[in-house]
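Here are the chains, one letter per residue:
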Amino acid sequence: MKAAILIIMLVIAALVVQGGFKGGRKNHPTRAVEGLKAPAFTLKDAKGNTLTLEDLTGKAVLLNFWATWCTACVEEIPSLQRLYVGQKDNADFKVVTVLFKDSLEKATAFMNDGKYDFPVLQDPEHKSAKAYGLAGVPETFLIDKRGIVVKRILGPVEWDSRSARDMIGKLSQK
């Protein structure tokens, strides 16, 4: 009898140590994970209009976090603009950029100086950055039409390269 109680106690202890027993709490990732549902977000544009992930249901999404103070971001922006222009007529794909720890005034000036016209959204309380587990900028998440994170990319990308265009093309077709 004592052996059975000891075994039960050891099993419960092992479950607690391994995180298998959560006492009824749901286990949610604290960042975006490839292969899982993308965390919801609510962002605002310069005019105060709101965009949510739910608004983009049925579209593939390139979600890019950036800042004007980030050298790698500034280098990445021209290719992101070219991708945006090349995909404007693709109803199945949306480029969403999120300003991270930067002022809208600086971003607007930067966009005007470079003649960039893709939408820049704000996340003033950094809720989406936290939900996605942002490691730094630039950081990009590719989300398929079902809302699943397909790819998490740390660092800059040449978005108008053949490999990036192929990746976007496949994402838009899924």
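The preceding data block contains the structure.
For clarity, every value in this text was computed on a predicted model and none was experimentally measured.

The rules behind each value
- Residues numbered from 1 in each chain as written.
- Predicted model: local features only at pLDDT ≥ 70, side-chain atom pairs only at ≥ 80, totals over all residues.
- Heavy atoms only, no water.
- Salt bridge = Lys/Arg side-chain N within 4 Å of Asp/Glu carboxyl O.
- Helix = DSSP H or I, 4+ residues; strand = E, 2+ residues; numbered from the N terminus.
- Buried < 20%, exposed > 50% of the residue type's maximum accessible area, 1.4 Å probe, protein only.
- Disulfide = S-S within 2.5 Å.
- Contact = heavy atoms within 4.5 Å.
- Polar contact = N/O pair within 3.5 Å; in protein donor to acceptor, adjacent residues only side chain to side chain.

> Residue-level account of the pattern of salt bridges, with values.
Following the criterion strictly, the structure yields 7 salt bridges and no others. The partner of Lys 88 in a salt bridge is Asp 117, and the shortest N-O contact between them spans 3.0 Å. One end of the pair, Lys 88, is in the loop between α2 (71-87) and β4 (93-99); the other, Asp 117, is in the loop between α3 (104-114) and β5 (120-122), with 29 residues separating them in the sequence. On the accessibility criterion, Lys 88 (47% relative accessible area) is partly exposed. Residue class for Asp 117 comes out partly exposed when judged on its relative accessible area of 40%.

> Lay out the state of the cysteines with the relevant residues and their values.
Under the defined criterion, the tally for this structure stands at 1 disulfide. Here Cys 70 connects covalently by a disulfide to Cys 73, the sulfurs 2.5 Å from one another. Note on the Cys 70 and Cys 73 pair: the S-S dihedral is about 80°, so by sign convention the disulfide is right-handed. The exposure class assigned to Cys 70 is buried, which follows from its relative accessible area of 7%.

> Any chance you could break down the environment of Asp 45 for me, citing the residues and the numbers?
Mapped onto the elements of the fold, Asp 45 is located in the loop between β1 (42-44) and β2 (50-52). The exposure class of Asp 45 is partly exposed, given its relative accessible area of 22%. C-alpha separation for the pair Asp 45 and Val 98, spaced 53 residues apart in sequence, amounts to 9.3 Å. Once residues within four sequence positions are removed from consideration, Asp 45 is found in contact with Val 120, Leu 121 and Gln 122. For Asp 45, the side chain forms a polar contact with the main-chain nitrogen of Lys 47, separated by 2.9 Å.

The values reported here are purely geometric and, on their own, carry no functional implication.
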